[in-house]
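Structural description and commentary
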Amino acid sequence: MMNKKWILFVFVCLLNQVGMVFAQAPNFPKSEDPLIAPPSERIDFKEEKIDQEFIEITPYYGFYGIDGFSTSNVMGLNLALHLTEDVFFEGNYGISEVSDDSFGGGLTIFTDTDLTYWNVNLGYNLFPGQIFLTRNRTLNSTIYIVGGAGLTEFDAKSRFTFNFGTGYKIFFTDWMDAGFRLSLHSFESDVTGVKEQMFNLEGIVSVAFFF
Amino acid sequence: MFVKHRLFIFMGVMTLLLMAQPASAKEKNYPRAKVVEPFLEIHTGPGRGYPVFYIAEKNEEIFLMKKRTDWFKIRLFSGQEGWVHYKEVDKTIQASGYQKGWSERFYDQYIDGRLQTGFAWGVFDEDSALYVRTIYRLTESLSFESNLGFASGDFGDTNLYLVGLVITPWQGTWFSLNGTIGGGLVETRPADILINAKSESFKTAYAGIGFSAPLVRRLSLRGDLRNYTLFLSPKRSREVREYTLGLIFEF
């Protein structure tokens, strides 16, 4: 009788253990659950939906000093194509004028007082960075260099011109910036009767827009 | 009077509310993606020189606002905006169902590495000259090129309009050699000091040799020496030598 009780006790204990083992068994995934979740929700979109902005149009204004003569105002337009984050191509067209007042005595030596130029340049963003307006307010900025060649219509004759310069830009938004640039335009001239290389300094301020 | 005031206050509050809305309506129009990489570095500007100011975590949602050169401007769900390099965001975009549009397919198929443009300085018939070039690579060793040239000298200006072929028989790691043949039109505009001279245009043919050397990614230096034959009249022609050195950018 005693034996029967013992057997029943052991049986109940075993049942209990087996029950506990089953109770601890992991929940195997049901067949309809995916084993690996997809990496991301797919929302199909096309590249055209993303606005591309790499063309920069810059009207500018400043001074153009003609080596040995006068300094006049210059205004112009700059069109830049940003090819990479570092490199850009740009074209400039500027209008200024030349006066021979500084030559003295009411002497007029120029046949045309208009000066226009165009050039194509390669530019490089040398130091992109930030300026801190306040402790928490920053604006992006960049120091860049440009160099290239073009033609200058000076004294009714077009002259092959090299130019190089450096500038600084501050971005107010990602599509608008303002800056200044100093550049040197060099061409051969014979207006004084002697052939000489002229070095004309140009300084401009500008506001630019990205499209 | 009071009604009018209330109307103004209502309009003011509505305007403020509209302005204060964090552009959530706009976000619906931007393509959306979820970060699949462990993290995404967000820069303040579209360049590696601009500092990283935020890091988006895996599974965070981003909105693709615009693209400039190799950089995407993105906005996070929290409202943070910044720029990420396309290589960083590429996997995220692909996983989100990004489809290439016609312009990108066109670029991949016909432009990528094939189209080159640049400018060169040189001497054409002892006059300083400037050239704007466009080159399209047809095969590994054959390219089509067009040249616009402007030369300016003591006796007048010259414009050149040229098309030709560039043959590259040998390409090395540091530089490659090429040969060019082509033709076009040469326009001359004499200076005012030449009495009775008038503007003229002639047909021309040229042949030359040159080299090309890569400088940095996508940018190379190219030098050319060419001999032009200007057909001044059916019985008369003239030979002109030209040297150029320029920069070529590969799209």
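Here the structure is a predicted model, which means the values were calculated and not measured.

1. Details of the nonpolar core
General note: in soluble globular proteins, nonpolar side chains tend to be found buried as a group. Residues and elements named next belong to chain B. Leu 40, Ile 62, Phe 72, Ile 74, Val 84 and Val 89 are the most contacted members of the largest nonpolar core, which totals 15 residues. Where this core is concerned, the elements lending two or more residues are β2 (39-43), β4 (61-68), β5 (71-76) and α3 (86-95). If one sorts the elements of this core by residue count, β5 sits on top with three residues. The contact partners of Leu 40, leaving out residues within four places of it in the chain, are Val 35, Tyr 54, Ile 55, Ala 56, Ile 62, Val 84, Glu 88 and Val 89.

2. Comments concerning the side chain of Arg 226 of chain B
All names here are of chain B. Mapped onto the secondary structure, Arg 226 falls in strand β14 (residues 219-233). A polar contact of 2.5 Å, which involves the side chain of Arg 226, links it to the side chain of Glu 145. Look past the residues within four positions of Arg 226 in its chain and what remains in contact with it is Arg 133, Glu 145, Asn 147, Thr 180, Tyr 206, Ala 207, Gly 208, Val 240, Arg 241 and Glu 242.

3. Observations regarding the packing of aromatic side chains
In total, this model carries 16 aromatic pairs over all chains according to the counting rule given. Between the aromatic rings of Phe 89 of chain A and Phe 119 of chain B, the centroid separation amounts to 5.6 Å while the plane-to-plane angle is 55 degrees, which identifies the pairing as tilted. Placement of the pair is Phe 89 of chain A in strand β5 (residues 87-97) and Phe 119 of chain B in strand β8 (residues 115-124), with the two residues belonging to separate chains. Phe 119 of chain B shares its class with Phe 89 of chain A; the two are buried. Judged by centre distance (6.2 Å) and plane angle (75 degrees), the rings of Phe 89 of chain A and Phe 249 of chain B are edge-to-face. Taken as a pair, Phe 89 of chain A in strand β5 and Phe 249 of chain B in strand β15 (residues 236-250) lie in two separate chains rather than in one. Across the pair, Phe 249 of chain B and Phe 89 of chain A agree in class, each one buried. Every member of this aromatic cluster is reached through a ring pair, and the members are Phe 89, Phe 160 and Phe 162 of chain A together with Phe 119, Trp 121 and Phe 249 of chain B.

4. Section: the interface of chain A and chain B
Taken residue by residue, the interface counts 49 residues in chain A and 57 residues in chain B. Here chain A packs against chain B, burying approximately 4500 Å² in sum over the two surfaces, 57% of which is carbon and sulfur. Counting every contact that joins chain A to chain B gives six salt bridges. One salt bridge connects Lys 66 of chain B with Asp 174 of chain A, and the closest N-O pair in it is separated by 2.4 Å. On inspection of chain A and its partner chain B, the count reaches 15 residue pairs in polar contact (both at pLDDT 80 or more). At the level of elements, β1 (45-46), β2 (51-52), β6 (114-132), β7 (138-154) and β8 (157-173) of chain A are the ones that each hand at least two residues to the side of chain A that touches chain B. Here the residues of the side of chain A that touches chain B are counted per class, giving 20 nonpolar, 14 polar and 15 charged. Inspection of the sheet shows β2 of chain A paired to β4 of chain B by two bridges, in the parallel sense. Counted as the bridge partner of Gln 52 of chain A is Lys 67 of chain B from β4 of chain B.

5. Observations regarding the pairing of strand β6 (residues 81-85) of chain B
All names here are of chain B. Most of β6 is tucked away: four of the five residues are buried. Two elements, β5 and β6, share five bridges in a ladder whose sense is antiparallel. Opposite Ile 74, over in β6, you have Gly 82 as the bridge partner. Turn length for the β5-β6 hairpin, with the two strands adjacent in sequence and antiparallel, is four residues, and the turn residue Gly 79 shows positive phi of about 105 degrees.

Quick notes on the rules
Residues numbered from 1 in each chain as written. Chains lettered and ligands numbered in written order. Predicted model: local features only at pLDDT ≥ 70, side-chain atom pairs only at ≥ 80, totals over all residues. Heavy atoms only, no water. Core = buried A, V, L, I, M, F, W, Y, C linked by side-chain atoms within 4.5 Å. Buried < 20%, exposed > 50% of the residue type's maximum accessible area, 1.4 Å probe, protein only. Helix = DSSP H or I, 4+ residues; strand = E, 2+ residues; numbered from the N terminus. Contact = heavy atoms within 4.5 Å. Polar contact = N/O pair within 3.5 Å; in protein donor to acceptor, adjacent residues only side chain to side chain. Phe/Tyr/Trp six-rings, centres within 6.5 Å; stacked < 30°, edge-to-face > 60°. Buried area = accessible area lost by both parts, 1.4 Å probe. Salt bridge = Lys/Arg side-chain N within 4 Å of Asp/Glu carboxyl O. Nonpolar A, V, L, I, M, F, W, Y, C, P; charged D, E, K, R; others polar. Pairing = 2+ DSSP bridges.

By themselves, these are just geometric observations and shouldn't be taken as functional.
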